[in-house]
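# Breakdown of the fold
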Amino acid sequence: MMLQDGSTQILCLTANSGVPLFTRGASKQLPFSVIGSLNGVHMFGDGQGVVLSSCQTDCGGRVVWRVFHNSVMLIAVNGGQRSTGVIQGHVKGEELFLERLLENVWNCMVLVLGRDELTNTRNVERLKKDLRSCFGLIDQLLEDRHQGIMGNLTHCADCLLPPNPALVQEAVNGFTQSVDSEFGCLVVHGRVAAATENWWRLAPQEVILLSALMRMLSSSGSASCDYPVFLPQGSPTVAHRLLRFQLLPGADVCVLCGPTPSLQKAQCDLVRQFWSPLVETLRDCLAVGERCLPSTVSLSVPDVLALLVLNREARRSVSCVRASADRSPTLPSKARCWELLRLFYIFAATRYFSQEEAPVPGAPAEDKAHRRSSASGDFVAGFPHQPMQCYLVTEECKCYGLQTQQHQLFLLTPLSVPTFALRNVATQTLLAVTADTGF
């Protein structure tokens, strides 16, 4: 039954009858008989008053079920990943990744189609056809894990910190006001470089999904688009207009607005007015690249392979992996560093660090129930305090986690860094990122 190692497949079925709606993910799909069995065992448990949420297979894979609004069942099937010592050995970590993936997939469907279309199904065949419009965004989420995007896991928006934040922020605010809106942002290399105050007041999952939608639209090659979207938390039944414009390859601006202005007027007049004077500033932002940090941030290059910094209050994150030219051939590859960083985040978040999320007003009870602390209850029950730091030594690198009242840092270092020096390297790295940028 299981998929290839590391692959994940998403199955979508109707909750009441188990009719398959779509399958996304692994290139080799599960047989129909297996899909029917996965649905059948969940329905059997439900009939006996038991909620089946997850299970682990003999092959090391994992299956997670989730029903949304008694209308759609989503099933995530993961083939497991290659062994990474203790990092990969934590079951709760695998569940965290798959549970958040299912929540994100549901929110993708709401973002594109609206909640009413999904909960008031009258024609299953028509729903299957309509759901095709969600495939691009769902596929983008599944691909993000291989492209250094962490927000779909951390529920913190992936950010790029520009060299001239004041100029960029002023342009975003002015452009957004010119279209009579309060919701606008600039996305550079798929990460939020600047946004209006009300954009940051959207639910974190909405900011993350809108950023994913921008990456999908940008990869399509179009210079601009007028795209209707529903906000899964703030406006799941009434659509808004998302206007998106490519300023330079890799730099896009978008706004959520009403029926005016027209796409043509905004593109021909307003984009030119606010962004033409900032072409060099935008190029400076693009030059930051996947480092996501301006050159003013000084990192201890020999001691840092990869880092992830979360601003817990603002629900934003910045992450980067050291450039290939700076790494020895004996060190993990860039893709492997991203994988290890995700695994260490899952490991630390589910064992040691609290990841409590603020409830969204008006959210369904089933969604509120999933916004709980992900720290392992078995571990925390044995200690009278909340862990603030942790470290891990694997066969490929050393990992260090640091938690303050406002931030969390997850750091990968080469094995050559002495274990007793990890705390000092982590503290200096967090200080360098936050002090120089105000992040």
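Heads up: these notes are all about the structure in this document. (Residues numbered from 1 in each chain as written. Predicted model: local features only at pLDDT ≥ 70, side-chain atom pairs only at ≥ 80, totals over all residues. Heavy atoms only, no water.)

### With respect to the overall build of the protein chain
Each helix and strand counted, the protein chain has 15 helices and 16 strands in total. Out of the 439 residues belonging to the protein chain, those deemed buried represent 56%. Partitioning the intrachain contacts of the protein chain with sequence separation of at least 6 by distance along the chain shows that 64% fall at a separation of at least 24. When the accessible surface of the protein chain is totalled, it reaches about 18800 Å², and 52% of it is carbon and sulfur. (Helix = DSSP H or I, 4+ residues; strand = E, 2+ residues; numbered from the N terminus. Buried < 20%, exposed > 50% of the residue type's maximum accessible area, 1.4 Å probe, protein only. Contact = heavy atoms within 4.5 Å. Areas by Shrake-Rupley, 256 points an atom, 1.4 Å probe, with all protein chains shown as cover.)

### Focus: the sheet that holds strand β11 (residues 251–257)
Within the open sheet, the 5 strands sit side by side as β8-β7-β11-β10-β9. Their pairing is antiparallel. In this open sheet, the two edge strands, each paired with only one partner strand, are β8 (191–195) and β9 (224–231). Across the sheet, the mean angle from the axis of one strand to that of its neighbour is 30°, orientation sign disregarded. Where strand β7 (residues 183–188) meets β11, 6 bridges bridge the pair, whose relative direction is antiparallel. Following the sheet pairing, Phe183 is matched in β11 by Leu256. Across the sheet, helix α10 (residues 263–275) is in contact with β7, β9, β10 (235–248) and β11; its angle to β10 comes to roughly 55°. Set on the sheet, helix α11 (residues 279–288) makes contact with β7, β10 and β11; between it and β10 the angle comes to about 100°. (Pairing = 2+ DSSP bridges. Axes fitted to C-alpha atoms, helices over the stretch in contact; angles between N-to-C directions.)

### Here's the deal with the packing of aromatic side chains
Counted according to the given criterion, the structure contains 10 aromatic pairs. Taking the centre distance of 5.1 Å and the plane angle of 75° together, the rings of Tyr345 and Phe410 count as edge-to-face. Note that Tyr345 is positioned in helix α12 (residues 334–351) and Phe410 in strand β16 (residues 407–413), a separation of 65 residues in sequence. For the pair Tyr345 and Phe410, one class covers both residues: buried. The interplanar angle of 55° and the centroid separation of 5.9 Å between the aromatic rings of Phe353 and Phe410 together place this pair among those described as tilted. Note that Phe353 is positioned in the loop between α12 and α13 (365–368) and Phe410 in strand β16, a separation of 57 residues in sequence. Taken as a pair, Phe353 and Phe410 share a single burial class, namely buried. Members of the aromatic cluster, connected to one another through ring pairs, are Phe344, Tyr345, Phe347, Tyr352, Phe353 and Phe410. Above the ring of Trp200, the side-chain terminus of Arg316 is found at 3.8 Å from the ring centroid. (Phe/Tyr/Trp six-rings, centres within 6.5 Å; stacked < 30°, edge-to-face > 60°. Lys NZ or Arg CZ within 6 Å of the ring centre and 35° of its normal.)

### Notes on α10
Along α10, the largest kink reaches about 25° and is centred on Asp269. Residues of α10 that are buried include every one of Ala266, Leu270, Val271 and Trp275, and no others. Where α10 is buried, its residues contact α7 (165–178), β7, β10, β11 and α11. (Bend = angle between axes of the 7 residues up to and from the residue.)

### Observations regarding the packing of helix α5 (residues 135–144) against helix α9 (residues 204–219)
Axis separation between α5 and α9 bottoms out at 9 Å; the angle between their running directions is 100°. In terms of orientation, α5 lies roughly perpendicular with respect to α9. Across the interface between the two elements, Gly136, Leu137, Gln140, Leu141 and Asp144 from α5 touch Leu209, Ala212, Leu213, Arg215 and Met216 from α9. Of the residues that constitute the contact of α5 with α9, the class distribution is 6 nonpolar, 2 polar and 2 charged. (Parallel < 35°, antiparallel > 145°, perpendicular 65-115°, else oblique. Nonpolar A, V, L, I, M, F, W, Y, C, P; charged D, E, K, R; others polar.)

### Thoughts on the nonpolar core
One finds Leu74 and Met109 to be the most contacted residues of the largest nonpolar core, which totals 81 residues. Those residues in contact with Leu74, other than ones at most four positions away along the chain, are Ile10, Leu11, Cys12, Val64, Trp65, Arg66, Phe68, Leu102, Val105, Trp106 and Met109. With 27 residues, the next largest nonpolar core counts Val168, Val188, Ala194 and Leu270 among its residues. (Core = buried A, V, L, I, M, F, W, Y, C linked by side-chain atoms within 4.5 Å.)

### Quick notes on the sheet that holds strand β14 (residues 389–393)
Reading across from one edge, β6-β13-β12-β16-β15-β14 is the order of the 6 strands in this open sheet, with mixed pairing throughout. On the outer flanks of this sheet lie β6 (157–158) and β14, each paired with one strand and no other. Here strand β12 (residues 306–311) runs beside β16; their pairing, made up of 6 bridges, is antiparallel. If you follow Val309 over to β16, its bridge partner there is Leu409.

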